[in-house]
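Observations on the model geometry
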Amino acid sequence: MKVSIIVTAHNNGEELERNLPHFFEQDYDDDYEVIVVVEKGEDDTDDALKRLKSKYSQLYSTYVPTSSRYISRKKLAVTLGVKAAKNEWIILTEATCRPLSNHWISAMTAPIREAADTSETADSQYDMVLGYANFDEETSSFKRFLCLQRQQSLFGRSRRWTAYSQECRNLMFRKSMFLEGKGYNGNLKYIGGEYEFLVNKFAKRGNAAIATAPDAWLEEENPTAKQWKNRQLFHLETRRHLRRSFLHRLQVACWQALVHLPYIAILALLVWSIIHSYWLAVGFATVALIGVYGVRAYFANWPNVAFDAKIPVWKLPFYEVFWAWHYLYNIIRYRVADKNSFICHKI
């Protein structure tokens, strides 16, 4: 099963030199190629690619034309990479990401190969594979928690129903599906959402597999404060245009309510008891608060351990509560932001 890996980059010369070699250290039985798509005129990126091409024969590059206007340059970069790819199966990722294992390609393609082996036809029923990625250990534990929780929720949705979206920069899909479905047609004007729109547009019930084995994981470099802010705001803009969003947002809202309600009830009892000097009730409320905290830490630690997120267990209950207020803060920032900054417009 031959694979083409598309890496999009924008002023990422240093990141390419750090991370790209990991893609060429793969222990994979079949041929694969790596295509880096950059914007023309990025001297540092061009220099980095020249040095890397002298070492790796499987490395190719293509460029986004400077004359393109009114469409997302990132989506155009993905489209150019797909068209340049020689193989049917494509893995899309970023210059800031790197595989954690030299069996990454094997792990990402495993669901396709296994499904093909059990299928009566020569091909599997899958059109895409959703992989997992999280930030490196230099990134704050809250950011890693947020990424983990979002992706865990999306994986659960994909297993039970039709895949809704993709949080991580680790996605495999068919070239023919992308081209026959006209790629990003319908959402090219939105600057962000390259992974989200792909999954949301092309997913059907049962056509998206999930690769969660540790060998399939990618690690993303710590984003700057500006990159993190933009990522949150563009996420809010993108989700407005995704199909099947109601159930997913309802599920997240219900989960947040279930997290908050026990704390609210116990704290209300604690305050009331202190005001009225019911010290037995104060003791009961204190024990109940500690118990709820412990239970939440226990259950929240399951995905933390499963995906090796390395988030301190004692922080997890705080992060569960803080998530809602962080989200509210971003909603406010999104509401007051210039909406032209989320779309391609004439400069």
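Reference entry: report on the structure contained in this document.

Cut-offs used in this document
Residues numbered from 1 in each chain as written. Predicted model: local features only at pLDDT ≥ 70, side-chain atom pairs only at ≥ 80, totals over all residues. Heavy atoms only, no water. Core = buried A, V, L, I, M, F, W, Y, C linked by side-chain atoms within 4.5 Å. Buried < 20%, exposed > 50% of the residue type's maximum accessible area, 1.4 Å probe, protein only. Helix = DSSP H or I, 4+ residues; strand = E, 2+ residues; numbered from the N terminus. Contact = heavy atoms within 4.5 Å. Patch = residues over 30% accessible without salt bridge, like charges linked within 9 Å, V, L, I, M, F, W, Y side chains within 5 Å. Areas by Shrake-Rupley, 256 points an atom, 1.4 Å probe, with all protein chains shown as cover. Salt bridge = Lys/Arg side-chain N within 4 Å of Asp/Glu carboxyl O. Pairing = 2+ DSSP bridges. Axes fitted to C-alpha atoms, helices over the stretch in contact; angles between N-to-C directions. Parallel < 35°, antiparallel > 145°, perpendicular 65-115°, else oblique. Left-handed = near helix turned anticlockwise from the far one by under 90°.

Ranked by internal contacts, the top residues of the largest apolar core, which has 84 residues, are Ile5, Leu20, Val34, Val36 and Phe173. If one sorts the elements of this core by residue count, helix α5 (residues 141-160) sits on top with seven residues. With sequence-adjacent residues up to four places away left out, Ile5 is seen in contact with Phe23, Tyr32, Glu33, Val34, Ile35, Ile91, Thr93, Trp104 and Ile105. Counting residues in each nonpolar core, the second largest holds seven residues, with Val259, Leu270, Val282 and Ala285 among its members.

Looking now at a nonpolar patch on the surface. On the surface, Phe322, Trp325, Leu328, Ile332 and Val336 cluster together to form a nonpolar patch covering roughly 540 Å² of accessible area. Considering the arrangement of structural elements, one finds Phe322 in helix α11 (residues 316-336).

For the rest of this paragraph, the subject is helix α7 (residues 194-202). With respect to burial, α7 is a largely interior element, eight of its nine residues being buried. Inspection of α7 places Glu194, Tyr195, Glu196, Phe197, Leu198, Val199, Asn200 and Phe202 among the buried residues, and these make up the whole buried set. The elements touched by buried residues of α7 are α3 (73-84), β4 (89-94), β6 (128-131), β8 (171-174), α6 (175-180) and α8 (225-239).

Burial along β6 is two-sided: Met128 and Leu130 facing one way and Val129 and Gly131 facing the other are all buried. Two elements, β6 and β8, share three bridges in a ladder whose sense is antiparallel. The partner of Leu130 across the bridge, within β8, is Leu171. For β6 and strand β9 (residues 208-211), the ladder comprises four bridges, and the chain directions are parallel. In the strand pairing of β9, Met128 is matched with Ala208.

Before going further, it helps to examine the packing of helix α9 (residues 245-275) against helix α10 (residues 279-306). Between α9 and α10, the least distance of the axes is 8 Å, while the angle of their chain directions is 160°. Taken as axis vectors, α9 and α10 run roughly antiparallel relative to one another. Of the two elements, α9 crosses α10, and the hand of that crossing is left-handed. Two secondary-structure elements touch here, α9 through Trp255, Val259, Pro262, Tyr263, Ile266, Leu267, Leu269, Leu270, Ser273 and Ile274 and α10 through Trp279, Ala281, Val282, Phe284, Ala285, Thr286, Ala288, Leu289, Val292, Tyr293 and Arg296.

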